[in-house]
Amino acid sequence: MSEFKDYKIDTKCIQAGWDPKNSEPRVLPIYQSTTFKYDSSEFLGQLFDLESDGHMYTRISNPTVEYVERKIAALEGGIGALCTSSGQAATLISVFNITSAGQNIIASASIYGGTINLLAVTMKRMGIEVRFFTPDMTDDEISALFDENTRLMFGETLANPAMTVFDIERFAKLAHKHGVPLIVDNTFATPILCRPFEFGADIVIHSTTKYMDGHATVVGGVIVDSGNFDWSAGGKYPELTEPDESYHGVVYTEKFGRAAYIVKARTQLMRDLGSSPQPIAAFLLNLGLETLAVRMERHSKNGLAVAQHLAAHPKISWVNYPLLPDSPQYALAKKYLPRGACGVVSFGVAGGREAAVRFMDSLQLAKIVVHVADARTSVLHPASTTHRQLTDTQLTECGITPDLVRMSVGIEDIDDIIADIDRALAKI
Ligand code: PLP
């Protein structure tokens, strides 16, 4: 990998990871094999003892997956990565790797709803408590949430669907003051728009299902380790600094140094939870990654153009896009997202719920889907779909107004996207 170190990120999207030797396939091969062959039992024994490099079983690692992990680690600037079968699995493993029953975590309230369910409902049943904070709280108010059982802080670079920008530098400092790492979900920004490690985050996760794949073909996730957090310093992480009885007493920090966290996530949790990606899924993800930089540039350009067009339209009551100068997120967006703020725009249609539904049903190019962040422009009306059980008051409480439309602006020609929007707005 060292030969890729000095290339720019757009080059790494294409070239990092698989690096064929003489006469090997130019394109990353799909190693569709659950199992691997060894010349001797002794070598296999060394593999089991984590003394040799190689693959044992595709639940734990696989060559196709490994090359994609190397590429993503290079893009984020981390020392190692672990691909998972979904973004949810990445979140679960990233937290559970260093948190046990009786402990707690501090999370931003502005994160993906599925993550809130995972942390507040399912992980609660595992004995892990989540304490939410909002960015308008002072550092002292947030500090009051920490205690001796706090193990990490969690936030989302560009929150889905609120599009709030997480002040990574501020919260990394706060987390470190309390001796815990900051985990950042970088799904919407991708490493093309923001690299959280450069602002002090310790672990990055993604739902690769979104822009990284970018074509709505494979569900997947990834955890990336910066290698920067000192797990031994405060005595809070015995799972990394004391013998793992389930792995012949290995002490991850002693044996793997800076890579302790990501090695344990693989050798212990992936072994036990089994939420690994299929080689074909990693292959498809790699195809998406090859064009990530050019796609993110176009998504961001089109997203901003749609936001500006909507902001000037009489039938639109409000627009939420971090790079609009009057957005409360503008200053943070300028700092953390210098290359753009992706293609997700939320807005209110004047006339409320009925007008929003009529607008969506009148679109032709943009299709109604639940998913976001792929090449095709799509829309969702949360109040009549994902959140339809809620009353208007409940919707407002969770930041989803009845008039809210979330548009995931694709990479089609911007003239066609705007013509589609105008045609549909003319019908209401
Ligand atoms: N994180 C974010 C920001 C997401 O938007 C999503 C899914 O929408 C997830 C995590 C969960 O990922 P997946 O659907 O791949 O499990």
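A few words now on the sheet that holds strand β3 (residues 129-133). Read across the sheet, seven strands follow the order β1-β7-β6-β5-β4-β2-β3 without closing on themselves; strand pairing throughout is mixed. With partners counted over all chains shown, the strands left at the sheet margins are β1 (80-84) and β3, one partner each. Averaged over neighbouring strand pairs, the angle between their axes works out to 20° when direction is ignored. In this sheet, β3 lies alongside strand β2 (residues 104-108) in parallel orientation, the contact comprising five bridges. Paired with N104 across the two strands is E129, which belongs to β3. Running at roughly 125° to β1, helix α3 (residues 63-76) makes contact with β1, β6 (203-207) and β7 (221-225) of the sheet. Against the sheet, helix α5 (residues 113-125) makes contact with β2, β3 and β4 (150-156), and its axis sits at roughly 135° relative to β3, the strand it touches most.

In this section: the domain arrangement of the protein chain. As far as domains go, the protein chain holds domain 1 (2-288) and domain 2 (293-425). The straight-line distance from the C-alpha centre of domain 1 to that of domain 2 is 29 Å. The partner domain 2 presents 28 residues to the 31 residues of domain 1 that form the contact. Summing the contributions of domain 1 and of domain 2, the shared interface buries around 2500 Å²; its carbon and sulfur component is 63%.

Let us look at the site of the ligand. Lining the immediate environment of the ligand, one finds 13 residues, of which N160, D185, S207, T209 and K210 sit closest. Between the ligand and G87, the relevant distance is 2.9 Å, taken from an oxygen atom to a main-chain nitrogen or oxygen of the residue. Side-chain polar atom of K210 to an oxygen atom of the ligand: 2.8 Å apart, as the coordinates give it. Coverage of the ligand by the protein amounts to 90% of the 390 Å² it exposes when considered alone. By residue class, the composition of the shell around the ligand is two nonpolar, eight polar and three charged.

Counted by the stated rule, this structure contains 13 aromatic pairs. With a centroid separation of 5.0 Å and 80° between ring planes, the pair formed by W18 and Y67 is classed as edge-to-face. Taken together, the residues span a long stretch of sequence, with W18 in the loop between α1 (9-15) and α2 (41-48) and Y67 in helix α3 at a distance of 49 residues. Under the relative-accessibility criterion, W18 is labelled buried at 10%.

Each neighbour pair has its own omega, and for N160 with P161 the value is 5°, a cis peptide bond. Following the sequence through the fold, P161 ends up in the loop between β4 and α7 (168-177). Within the chain, L50 stands out as a residue other than glycine whose phi angle is a positive 60°. Residue placement: L50 occurs in the loop between α2 and α3. By relative accessible area, L50 is classed as buried at 18%. Unlike most non-glycine residues, M163 shows phi in positive territory, near 60°. Among the secondary structure elements, M163 is positioned in the loop between β4 and α7. Its relative accessible area of 0% is what places M163 among the buried residues.

Quick notes on the rules
Residues numbered from 1 in each chain as written. Predicted model: local features only at pLDDT ≥ 70, side-chain atom pairs only at ≥ 80, totals over all residues. Heavy atoms only, no water. Pairing = 2+ DSSP bridges. Helix = DSSP H or I, 4+ residues; strand = E, 2+ residues; numbered from the N terminus. Axes fitted to C-alpha atoms, helices over the stretch in contact; angles between N-to-C directions. Contact = heavy atoms within 4.5 Å. Domains from an automatic or database assignment. Buried area = accessible area lost by both parts, 1.4 Å probe. Near = heavy atom within 4 Å. Polar contact = N/O pair within 3.5 Å; in protein donor to acceptor, adjacent residues only side chain to side chain. Areas by Shrake-Rupley, 256 points an atom, 1.4 Å probe, with all protein chains shown as cover. Nonpolar A, V, L, I, M, F, W, Y, C, P; charged D, E, K, R; others polar. Phe/Tyr/Trp six-rings, centres within 6.5 Å; stacked < 30°, edge-to-face > 60°. Buried < 20%, exposed > 50% of the residue type's maximum accessible area, 1.4 Å probe, protein only.

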